[in-house]
Amino acid sequence: MKRSLLFGVALMIFSIQSLAHEMWAEKEGSVYRLYYGHRGKDAKGLHISKIKKAVCVENGKPREAKVSKDNQGVFIEGPCEAIGVEYYWGYFSQTPDGEVNKPKDEVSNSIKSWESVAYLKCLYEYKSPAVLGHPLEILPLSAPQAGKKLEIQVLYNGAPSKDAFLSVDHRKVGNPDENGKARINLKKGLNVIGASLKVPGDGKRSDFKVLESYLCLEVP
C-alpha cells in the first residue's frame, strides 16, 4: 500500500513538473538568448553542456549554430530566420527519499525512472521551413497573427500525434485531435506553445521517456 501511494505521488509530481516550466528564446538584435522556467518570474538560462544540437535557419536552410555563453547566459548567434535546439535533461528516478538525477540502474530503490529530452523551435520569419525534424515537433499550419487562432499540428517521428499534451504560456490546453491538430489563441508579442509526450523507455535505465517540444513565435 505504501509503495502504491508513493508511486501515485511520484506520477503526480512528475505531471506537475512536466508542465511547470517552458523553454523559449528572447531575441536581442542578432542574438537569441535561451531560457527555461517561468517568463517574467523565474527565468533561468539553459546549461550549455546540456545543449546537444543547435541550428540556425538562413535563406531557408538550416545550419549548425554557434552556441556561446557570457555573463548574461547562453545564446545562439544569428541572424536567423528560425532557430532549433535539442536539450538533454538526462535521467531521473523517484525514490522514497525524493527525486535523484540518476537512471534506474544506478539507484537501489527506484519507484519510477524516466529520461527527459526537450526540443525548442523559434520562428522569426514564417517563410522559414516550419519542420526541423525534431522527434517531437509542433508545426504551425498558417502565418501567426495576433488575436486570431493558429492551427498547429503535433508530429512524433514525422507522424501526427494525438497523445501529446498541449500547453500555452503555462496554461493547460489538452490533447490535439486524431490528426494531431489543435487551434491556439495568439496574443501580440512572444507566444510559447508546448507539447509533452511520454513514450516507453528501455526498461533498464528508464521506465519511460519524456519528450517535450516548445514552439515560440514572435507575433507583431
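Residues numbered from 1 in each chain as written. Predicted model: local features only at pLDDT ≥ 70, side-chain atom pairs only at ≥ 80, totals over all residues. Heavy atoms only, no water.

(A) Focus on the state of the cysteines. Scanning all chains against the criterion turns up two disulfides. Bridging Cys122 to Cys216, the disulfide has an S-S length of 1.8 Å. Note on the Cys122 and Cys216 pair: the S-S dihedral is about 120°, so by sign convention the disulfide is right-handed. Pair noted here: Cys122 is in strand 10 (residues 112-123) and Cys216 is in strand 18 (residues 208-219), with a separation of 94 residues, a long-range link. As far as burial versus exposure is concerned, Cys122 and Cys216 are alike and both buried. Each bonded cysteine of the chain gets a number by its place in the sequence, and the pairs then read 1-2, 3-4. (Disulfide = S-S within 2.5 Å. Helix = DSSP H or I, 4+ residues; strand = E, 2+ residues; numbered from the N terminus. Buried < 20%, exposed > 50% of the residue type's maximum accessible area, 1.4 Å probe, protein only.)

(B) Quick look at the environment of Val31. With respect to the helices and strands, the residue Val31 is situated in strand 2 (residues 31-38). With 43 residues separating them along the chain, Val31 and Val74 place their C-alpha atoms 10.0 Å apart. The residues contacting Val31, other than those within four sequence positions of it, are Glu26, Phe75 and Ile76. (Contact = heavy atoms within 4.5 Å.)

(C) Region of the structure containing unusual backbone geometry. Between Gly78 and Pro79 the backbone carries a cis peptide bond, its omega angle lying at 5°. In the Ramachandran plot, Asn59 falls in the positive-phi region, its phi being about 55° despite a non-glycine side chain. Examined against the element boundaries, Asn59 turns out to sit in the loop between strand 4 (51-58) and strand 5 (61-64). The exposure class assigned to Asn59 is exposed, which follows from its relative accessible area of 71%. Look at Asn157: it is not a glycine, yet its phi comes out positive at around 50°. Mapping Asn157 onto the fold places it in the loop between strand 12 (149-156) and strand 13 (159-160). Look at Asn157 and you get exposed, because its relative accessible area is 57%.

(D) Representation of the confidence of the model for the chain in the model. On average, residues of the chain score 88 in pLDDT, and 90% of them reach the 70 mark or higher. Segment residues 1-19 is flagged for pLDDT under 50; beyond a separation of four residues in sequence, or across chains, it makes 18 contacts in the model. (pLDDT = per-residue confidence, 0-100.)

(E) Region of interest: the nonpolar core. Ranked by size, the top nonpolar core spans 31 residues in total, and within it Leu34 and Ile83 carry the most contacts. Among the secondary structure elements, those contributing two or more residues to this core are strand 1 (22-28), strand 2, strand 4, strand 7 (73-77), strand 8 (82-95), strand 10, strand 17 (189-200) and strand 18. At five residues, strand 8 tops the list of elements feeding residues into this core. Those residues in contact with Leu34 that lie beyond four places of it in its chain are Trp24, Ala25, Lys44, Gly45, Leu46, Ile51, Val74, Ile76, Ile83, Val85 and Leu120. In terms of nonpolar packing, the next biggest core, distinct from the first, is built from 24 residues, Leu150, Ile193, Val199 and Leu217 among them. (Core = buried A, V, L, I, M, F, W, Y, C linked by side-chain atoms within 4.5 Å.)

(F) The pairing of strand 17, seen in detail. Burial of strand 17 is extensive: nine of the twelve residues sit out of reach of the surface. Sheet analysis places strand 14 (residues 165-168) next to strand 17, joined by four bridges and oriented antiparallel. Within the sheet, the bridge partner assigned to Val168 lies in strand 17 and is Ile193. (Pairing = 2+ DSSP bridges.)

(G) Quick look at the pattern of salt bridges. Applying the stated rule across the entire model yields eight salt bridges. For Arg63, the salt bridge goes to Glu58, with nearest N and O atoms at 2.5 Å. For Arg205, the salt bridge identified is with Asp105, shortest N-O distance 3.3 Å. Of the two residues, Arg205 is situated in the loop between strand 17 and strand 18 and Asp105 in the loop between strand 9 (98-100) and strand 10; the sequence distance between them amounts to 100 residues. The exposure class assigned to Arg205 is partly exposed, which follows from its relative accessible area of 27%. What emerges from the salt-bridge pattern is a single network uniting Glu28, Arg33 and Asp70. (Salt bridge = Lys/Arg side-chain N within 4 Å of Asp/Glu carboxyl O.)

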